[in-house]
Amino acid sequence: MFGWPNITSSDALTRAREDGTIVISTTPPARAGADELLRQAHESVYRWPGSFPGFSATIRIDGIEGGADGTVQVPSSGAPSLRVDGREDVAWARRELASMASHRRHLPYEDADGRHPKSLRPDDGSPLGRLVVLEDALHSAFRLQDGRVREISRRHRDGRFTLQLQAWEPVPDGRWLATAFTALHFPPEGDTLVGADVYRDAYVAVDGLMLPAARQVVSVGDAGVTVRSRGLGDHVVAGGGK
């Protein structure tokens, strides 16, 4: 189980050259190594270009209340909009589509996790790779291996979660899309598992863009086991064709 280490900050590293001069570096080796690993993982993930125009599609939702059909618009920025008969599962589908879209939007490393101080922890032999800990409000921590993220842990107001990424699929430009991952939910303190969500995603290539095609989520919690899915079809990129 992931443990939350104490985070300390170092402002400078002092090093002596052979000629006797002293060099002050404001980037300790552990921090520089952390940035290098996390940047590599960030840039290996497929994201839409900054010029992404948005798209529309049909949508099929299958969930607790049965099935429903409708349409969806994903704009160049902002939240998706759905036109489906009013149902509880529509709110779920909108939330999940917004999550998929937000993770595909253009986001330079410097505007994401690159903003925060971080450190690379000593190699502990974990099968999930090296541990990078951020000094951010969510106490984020990453396990990185082979240039990709294998695990993410964050805290929030009501507890903490660990996201384990089990499968990545390559896209034509050499980057990767996560297609199978599990979110494990814990209380603010302790390691008692209080819930889990198992995700399976699929994408489709349309006009040179990888667009969301399907998501299935199996959730386990106090209400038992629930299975929901939503599929998109007939994608049309704004300003282009199918």
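Predicted model, so just to flag it, every value in this text is computed and none were measured.

A. Seen up close, the sheet that holds strand 5 (residues 81-84). If you walk across this open sheet you meet the twelve strands as 5-4-3-14-13-12-11-10-9-8-7-6, and the pairing is antiparallel. Of all the strands in the sheet, just strand 5 and strand 6 (118-120) have a single pairing partner and so form its edges. The sheet shows a mean angle of 20° between the axes of neighbouring strands, direction not considered. Two strands pair when backbone bridges link them, and strand 7 (residues 130-134) and strand 8 (residues 141-145) are joined in this way by four bridges, in the antiparallel orientation.

B. Geometry of the pattern of salt bridges. On inspection of all chains with the given rule, the structure shows 13 salt bridges. Its salt-bridge partner being Glu110, residue Arg39 comes within 2.8 Å of it at the nearest N-O pair. Here Arg39 is found in helix 1 (residues 29-44), whereas its partner Glu110 is found in the loop between helix 2 (88-104) and strand 6, with 71 residues between them in sequence. Assessed through its relative accessible area of 31%, Arg39 is described here as partly exposed. Where salt bridges share partners, they join Arg39, Glu43 and Glu110 into one cluster.

C. How the structure looks around the side chain of Thr162. By the element assignment, Thr162 lies in strand 10 (residues 159-170). Under the relative-accessibility criterion, Thr162 is labelled buried at 4%. Side-chain polar atoms of Thr162 contact the side chain of Ser153, separated by 3.0 Å. If sequence neighbours within four positions are ignored, Thr162 has contacts with Glu151, Ile152, Ser153, Thr182, Ala183, Leu184 and Phe186.

Thresholds applied
- Residues numbered from 1 in each chain as written.
- Predicted model: local features only at pLDDT ≥ 70, side-chain atom pairs only at ≥ 80, totals over all residues.
- Heavy atoms only, no water.
- Pairing = 2+ DSSP bridges.
- Helix = DSSP H or I, 4+ residues; strand = E, 2+ residues; numbered from the N terminus.
- Axes fitted to C-alpha atoms, helices over the stretch in contact; angles between N-to-C directions.
- Salt bridge = Lys/Arg side-chain N within 4 Å of Asp/Glu carboxyl O.
- Buried < 20%, exposed > 50% of the residue type's maximum accessible area, 1.4 Å probe, protein only.
- Polar contact = N/O pair within 3.5 Å; in protein donor to acceptor, adjacent residues only side chain to side chain.
- Contact = heavy atoms within 4.5 Å.

Everything listed here is a matter of geometry and, on its own, says nothing about what the molecule does.
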